[in-house]
Amino acid sequence: MIKPARKAKKGASLLACYKVLKPEEVAVFNARLTPVAREIVGIVGIQKALILFSEFKGQSIIFPKDAHGNGAKKFKAMADHIGNDAVIALRKHYDYAKVYIPSCSYALRAVNHYKIISTYDELTKTISGNMAVRQIGKAFNLAERSVEQILNRPAT
């Protein structure tokens, strides 16, 4: 039996949900990212990018130069989440350009669906399909019908 997922607090970091991504999940995630999001992942890495997407999604940001002077509050807010080095790396890459931070919900949904499908494949080696759907529903906080719909979607 798989462990039920904890319900995330509203506004909780995406990193809590996707703490450890397997290599195949990273590939699914990267394939569904927008070009800007893919660029950000390349600069700061997937873990810090997930935090950035979670905390600053939907915002257009000009990355602050450093922790002192103009933009010091924004620099501190971002550094608290992703670290000084990551903010400086993003600043160097984007200079003074305004960058839209996407929510990446499509990519995250694709990873979640991939996890559901791979979990189903593992569980059906030892238990029936109906029992697997029931356990996955509990583990992912989804209705059984939602799990069935995800399993029956054509691969994209």
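Please refer to the structure placed before this passage.
Rules behind the numbers
Residues numbered from 1 in each chain as written. Predicted model: local features only at pLDDT ≥ 70, side-chain atom pairs only at ≥ 80, totals over all residues. Heavy atoms only, no water. Helix = DSSP H or I, 4+ residues; strand = E, 2+ residues; numbered from the N terminus. Buried < 20%, exposed > 50% of the residue type's maximum accessible area, 1.4 Å probe, protein only. Contact = heavy atoms within 4.5 Å. Areas by Shrake-Rupley, 256 points an atom, 1.4 Å probe, with all protein chains shown as cover. Arc of directions from axis to C-beta. Salt bridge = Lys/Arg side-chain N within 4 Å of Asp/Glu carboxyl O.

Engineer: Explain the overall build of the protein to me, please; I cannot follow it from the model alone.
Structural biologist: Check the secondary structure of the protein and you find nine helices and two strands. Residues counted as buried form 34% of the 156 residues belonging to the protein. Within the protein, contacts between residues at least 6 apart in sequence are counted, and of these 70% link residues at least 24 apart. Counting every atom, the protein has about 9,700 Å² of accessible surface; 54% of that belongs to carbon and sulfur.

Engineer: Quick question: what am I supposed to make of helix α6 (residues 84-94) here?
Structural biologist: Working note: α-helix, 3.6 residues per turn, so residues spaced by three or four point in the same direction. Where α6 is concerned, the buried positions are A86, V87, L90, R91 and Y94. What you see down the axis of α6 is that its buried residues fit within an arc of 135°, all on one side. Those residues of α6 that are exposed and aimed more than 90 degrees away from the buried face are D85 and K92. Buried residues belonging to α6 abut α3 (35-44), α4 (46-56), α5 (72-82) and β2 (99-101). Just beyond α6, the residue with positive phi is D95, at close to 50°.

Engineer: Sorry if this is basic, but what is going on with the pattern of salt bridges here?
Structural biologist: Where charged atoms from two side chains of opposite charge approach closely, those side chains can pair. Applying the stated criterion across every chain, the model contains four salt bridges. Linking K125 and E122 is a salt bridge whose minimum nitrogen-to-oxygen distance equals 3.1 Å. With a shortest N-O distance of 3.3 Å, R145 and E148 are connected by a salt bridge. Here E148 and R145 lie together in helix α9 (residues 144-152), a separation of three residues that amounts to about one turn.

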